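Chains, contacts and geometry: an overview
Listed below are the residues making up each chain.
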Amino acid sequence: MEENLSNHQTEKAGPQLLDVLHGKLRKISTEAHPDVGEMELIQQGIRELLPRVDTGKALPYKKTLSGRIQILQMTYTRSQTDELIATEIDHLKFFARTVAELGLELEILTNPKSRGDIEHELGKEEYEALHYTIIESQKPVWKWAEDGVEYLENGRVAILYPFNEQLLQWAMTESRRHRWRGKIDQENLEEALRDDHLWIPLGISVNTVKMGLERECTAQVKGQEICHLRAYIEGGNMITGEDRAGQPVIIIGKDTIGATAYIYQLNDKDVRKIICEDFGLESIEQLICVEQPGQFHLDMGMLFIGNGVVIVNESKEILKDALEIAEIAPCLTTEKMAAKLKLQYELEEQAVKDLEAAGLEVRRETLANNVFYNFFNGEFVEGKDGFNYYITNGGPQEQEEKFKALMVEQWKVVKKVIFSPKDAAHKSLQEKGGVGCRLKGLKK
C-alpha cells in the first residue's frame, strides 16, 4: 500500500483515471485476441489507485445496544422548489418529541431556506425540554442521514471517495450477476439487474447526490478531522456490533464487497483486508460479509440486537401466497410478483447461511412488508434513565404489538419501542427509507 498514490492525488484524479483505465480494460477484453499482458498492466494500474488508509484504524460507533447512543443526528430540508414537505416536518416533530422524552440530544443538519421551519416548530412550548443544535449547510442536504458518513471512535468523520457513477453502477451490477446466478431463472435475473429500481435498487445514492463533500464541509466547520472509507460503504449496508464473546464485529453487505472488488480489480478477501485495516479490526473473521437480504441495504432486512444475535426477515409465507396466486391467476403481474419474492426469499436464506457460518445466532421474524411496515430499520438509544430504547417506523397496530412483545417481553432488549407516526412512516418507506435511514447515532 505504500506505493499507492497519495490521498490528495487520488481525490483529485482518482475517479477520472479509474474510469479511463476501466474503459481501456473493457475495450481490450472484447477484442478477438485480447492482450493478456496489457490487461494485467492496466489492472495493476487500477489497483495502485487505491488510496492509503487515513482513518486512524478506528471502529465506527456500534449500532447495537452496546453503542449507548445519546445523540441523534438528522437532516431536514424543504423540496427543491422550496416547499414544505409534510413527511419531513412530521419526522422532525417525531424526532424532537422522542429526543425530549428520552433526555437525548438532537443535531439537525439543514440549509438556510429550511432553517426557519425548524426554529418555528421547535420554538413551541412543548419542546421546552429539548436539547438541540442546528448545523447550517450552504447547499441542499440529503434526508438520509445514515448513509453518507461514519463517525469513528477516535473522533474522526469518515466519508466516501467519489466514483464515476456509471463505473460504480456497473461494478455493483456485475457483482450481483456473479452472486445471484441460480437464485431465479436467467430471464428474470437479467431483468432484475437491468431494472434494479423495480426489484432491488442498487445502493449507490450517496455517490449520486455527492453528499460526502457536504459532510466534509460540515465536519470542518465543527473542527472535526476528516478521513475516508476506501470501500464503497453506504451506512445502511454496514452494522457494527459485537459477537457472543463481546468482541467487535462488523456485518457488511456483499454489494459493498463486490462493487469495491470490481472497481479496484481486487478479490473479495483483499477488500475485506482493506476494510479491516480502515477500522482497526485484528482479524478478517471480525468482518462478516453477508448477502443482501432481499434489500439494497442490510438495515432494511435485518436487525443486529447485539451479543451475536441477528434477526433476519422471513418471507417464506409471503412467497408461498404469491406462488399460489400466480398459479390460480397466471398473468404477467402475478408471475412477476412471485419472481421478485422468490429472489428476496433466496437472498434472505443466503444471508442467514452467511451469518451462521460466521458463528452468529440468527432468529427469523417477518418484520417487514414492503411499504406497509419495516421494524428492522430503526435506531437503538440509551435514555437519560439508563435504559435502552428502540426507535422505528410505525405500522399496523397488530404488527406493532407483535414487534413490541418480541423486543420488550421475549428478547428483553429494550424498555420500550417507540414508533413513528404511521402515515409518515408509510410515505417514507415508499421513498425506500425509514427512521433508521433518517437518523445517525453519535456518542457524547
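Residues numbered from 1 in each chain as written. Predicted model: local features only at pLDDT ≥ 70, side-chain atom pairs only at ≥ 80, totals over all residues. Heavy atoms only, no water.

**Let's talk about the nonpolar core**
Definition in use: Side-chain atoms within 4.5 Å are what join buried Ala, Val, Leu, Ile, Met, Phe, Trp, Tyr and Cys residues into a set we call a nonpolar core. Categorising residues by exposure relies on relative accessible area from a 1.4 Å probe, with only protein chains included: less than 20% of the type maximum marks a residue as buried, more than 50% marks it as exposed, and the intermediate range marks it as partly exposed. In this analysis, two residues are considered to be in contact whenever any of their non-hydrogen atoms come within 4.5 Å of each other.
By size, the foremost hydrophobic cluster in this structure holds 66 residues, and its most contacted members are Ile275 and Phe279. In this view, Phe279 contacts Lys57, Ala58, Leu59, Pro60, Leu152, Leu229, Ile233, Met238 and Ile250; residues no more than four positions away in its chain are not counted. Membership of the second largest hydrophobic core comes to 26 residues, among which are Met74, Tyr76, Leu130 and Leu439.

**A few points about a negative patch on the surface**
We apply this condition: Like-charged residues are merged into a patch within 9 Å and nonpolar side chains (Val, Leu, Ile, Met, Phe, Trp, Tyr) within 5 Å, provided each residue has over 30% relative accessible area and no salt bridge. All accessible areas in this document rest on Shrake-Rupley with a 1.4 Å probe, and a residue is counted as covered only by the protein chains that are shown. Any carboxyl oxygen of Asp or Glu within 4 Å of a side-chain nitrogen of Lys or Arg constitutes a salt bridge here. His is not counted, nor are the chain ends; Lys and Arg add positive charge and Asp and Glu add negative charge. By convention, charge coordinates are those of NZ in Lys, CZ in Arg, CG in Asp, or CD in Glu. In this description a helix means any DSSP run of H or I spanning at least four residues, a strand means any run of E spanning at least two, and both kinds are numbered starting from the N terminus.
Taken together, the side chains of Glu317, Asp321, Glu324 and Glu327 present a region of like negative charge at the surface. Here Glu317 is to be found in helix α11 (residues 316–328).

**Describing the side chain of Gln286**
To keep it simple, the criterion reads: Distance and chemistry together define a polar contact, namely a pair of N or O atoms within 3.5 Å, with one atom able to donate a hydrogen and the other to accept it when in protein, and with adjacent residues in sequence counting only for side-chain atoms on both sides.
When you line up the elements, Gln286 lands in the loop between α10 (268–279) and β9 (287–290). At a separation of 2.9 Å, a polar atom in the side chain of Gln286 contacts the main-chain amide nitrogen of Ser283. For Gln286, the contacting residues outside a window of four places in its chain are Pro248, Val249, Ile250 and Leu281.

**Re the side chain of Glu291**
Positionally, Glu291 belongs in the loop between β9 and β10 (302–306). Glu291 sits in the buried class, given a relative accessible area of 2%. For Glu291, the side chain forms a polar contact with the side chain of Arg179, separated by 2.7 Å. A polar atom in the side chain of Glu291 sits 3.2 Å from the side chain of Trp180. Not counting chain neighbours up to four residues away, the residues in contact with Glu291 comprise Arg179, Trp180, Lys254, Leu298, Leu347, Gln350, Ala351 and Asp354.

**Some words on the confidence of the model for the protein**
Test applied: Confidence of the predictor at the level of single residues is captured by pLDDT, which takes values from 0 to 100.
Mean pLDDT over the protein stands at 94; residues scoring 70 or higher make up 97%. Counting contacts from residues 1–6, a segment whose pLDDT is below 50, to residues more than four positions away or on other chains yields 17 contacts.

**Notes on the sheet that holds strand β17 (residues 416–419)**
To summarise the sheet geometry, strands pair through backbone hydrogen bonds and adopt either a parallel or an antiparallel arrangement. Convention followed: Only when DSSP finds a minimum of two bridges between them are two strands counted as paired. To define axes, lines are fitted to C-alpha atoms, for helices over the stretch in contact only, and angles between the resulting N-to-C directions are given on a 0 to 180 degree scale.
Strand order in the open sheet formed by three strands is β15-β16-β17, and the pairing between neighbours is mixed. With partners counted over all chains shown, the strands left at the sheet margins are β15 (378–382) and β17, one partner each. Across this sheet, the average inter-strand angle for adjacent strands is 25°, counted without regard to direction. Summarising the sheet, β15 and strand β16 (residues 388–392) pair through five bridges and their orientation is antiparallel. Opposite Phe380, over in β16, you have Tyr390 as the bridge partner. Of the strands in this sheet, β15, β16 and β17 touch helix α3 (residues 86–102), which is tilted by about 155° from β17. Across the face of the sheet, helix α13 (residues 397–410) comes into contact with β15, β16 and β17 while running at roughly 150° to β17.

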